[in-house]
Amino acid sequence: MAGLRQIQRQRVHEAISAAAIRLFLARGFDEVPVAEIAAAAEVSKPTLFKYFATKEDLVLHRIADHQGEAARVVRGTPGPPLEALRRHFLDGLARRDPVTGLNDDPEVVAYHRMVFGTPSLVARLFHHMSLDEGALAEALAERMDDLTAALVAGQVLATQRVLARRNWASLAEGRPLAEVEPEAVRAAERAFALLSTG
């Protein structure tokens, strides 16, 4: 019974999110009231807020799915943490993971345009990034002193953010993925080399 309940919760969660993203991409984040999203998803407004604490979370939960990922990579991979994080980012590029910015699906490009073009979403995104940074610093502190761990965590996540935004911007300009991808790989290799030399 608990399994069925969880499946049902996941379906409602996905229905609300899909309705929200569809409406936001069509009309803009600030133009769509929460009540309209609830109606489109066939739930009440209080039910919507049981699943998503804020309007911004209706958008950013797709990014929040990656919450703590860098910390998990560090904890789950033996050897130097920077090498593990470099390999993970390069693997994400190869998979065309939207979080790397290297995905030319029109909805993904539009999604990133909406996020980066909406001040309240950018602010909420930085909140998520701050949580990620803390989790990564904690994982790194198992292998180095606290100050070094905090500095490395901040630098790694800032580097990944810059790389991802650069990839998305190139695709948003209309450049073909086949042209952008080798540049993205070279940029990632260069960025992580710079990080490793301190």
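Refer to the structure printed above.
Worth saying up front: this structure is predicted, and the values here are computed from it rather than measured.

*Asks:* Any chance you could explain the side chain of Q160 here in plain terms?
*Replies:* Secondary-structure assignment places Q160 in helix α9 (residues 146-172). Residue contacts for Q160: discarding those within four places in its chain leaves L85, F89 and F192.

*Asks:* Sorry if this is basic, but what is going on with the pattern of salt bridges here?
*Replies:* Oppositely charged side chains can form a pair if their charged atoms are brought close together. This model, assessed by the stated rule, comprises 12 salt bridges. Salt-bridge contacts for D97 lead to R95; the nearest nitrogen and oxygen are separated by 3.3 Å. Judged by relative accessible area, which is 12%, D97 ranks as buried. Each member of the salt-bridge network shares a partner with another, and the members are R75, E138 and E142.

*Asks:* Can you walk me through the layout of surface pockets in this structure?
*Replies:* The method is simple in principle: a probe with the dimensions of a water molecule rolls over the atoms, and the space it marks as empty is what remains. Its volume calculated, the largest pocket comes out at about 780 Å³. The wall of the largest pocket is formed by 33 residues, among which I63, H66, P98, V99 and T100 lie closest to the centre. Looking at which element gives the most residues to the lining of the largest pocket, the answer is α9, with 6 residues. Considering only residue class, the lining of the largest pocket consists of 15 nonpolar, 9 polar and 9 charged. Looking at the second largest pocket, its volume works out to about 200 Å³. Broken down by secondary-structure element, the contributors of at least two residues to the lining of the second largest pocket are α9 and α10 (177-196).

*Asks:* I tried to follow the nonpolar core on my own but got confused; where do I start?
*Replies:* Inside soluble globular proteins, nonpolar side chains tend to come together where they are buried. Grouped together as the largest cluster of nonpolar side chains are 29 residues, with contacts concentrated most on L85, L93, L102, L136, L140 and L163. Residue contributions to this core peak at 8 residues, all from α10. The contact partners of L85, leaving out residues within four places of it in the chain, are A70, V73, V74, L136, V156, Q160 and F192. By size, the runner-up hydrophobic cluster in this structure holds 25 residues, among which are V34, A41, F52 and V115.

*Asks:* Looking at this structure, I do not really get unusual backbone geometry. What am I missing?
*Replies:* In most cases, non-glycine residues show a negative phi, while peptide bonds are predominantly trans. In this structure, E42 is a non-glycine residue whose phi angle is positive, near 60 degrees. Its location among the elements puts E42 in the loop between α2 (34-41) and α3 (45-51).

*Asks:* It is not clear to me how α9 should be interpreted in this structure. Could you clarify?
*Replies:* In an α-helix, one turn spans 3.6 residues; hence positions three or four apart end up facing the same way. Here α9 spans 39 Å end to end across 27 residues, near enough to the 39 Å set by a 1.5 Å rise per residue. With a side-chain oxygen positioned 3.1 Å from the backbone nitrogen of L147, the residue opening α9 is D145. Two residues or fewer past α9, G174 is found with a positive phi of approximately 100 degrees.

So, how was this worked out
Residues numbered from 1 in each chain as written. Predicted model: local features only at pLDDT ≥ 70, side-chain atom pairs only at ≥ 80, totals over all residues. Heavy atoms only, no water. Helix = DSSP H or I, 4+ residues; strand = E, 2+ residues; numbered from the N terminus. Contact = heavy atoms within 4.5 Å. Salt bridge = Lys/Arg side-chain N within 4 Å of Asp/Glu carboxyl O. Buried < 20%, exposed > 50% of the residue type's maximum accessible area, 1.4 Å probe, protein only. 1 Å grid on protein atoms, 1.4 Å probe; cavity = no way out; pocket = protein on both sides within 12 Å on 5 of 7 lines; lining within 4 Å. Points joined across faces, edges and corners; volume = space filled by probe spheres on them. Nonpolar A, V, L, I, M, F, W, Y, C, P; charged D, E, K, R; others polar. Core = buried A, V, L, I, M, F, W, Y, C linked by side-chain atoms within 4.5 Å. Expected span 1.5 Å × (residues − 1). Polar contact = N/O pair within 3.5 Å; in protein donor to acceptor, adjacent residues only side chain to side chain.

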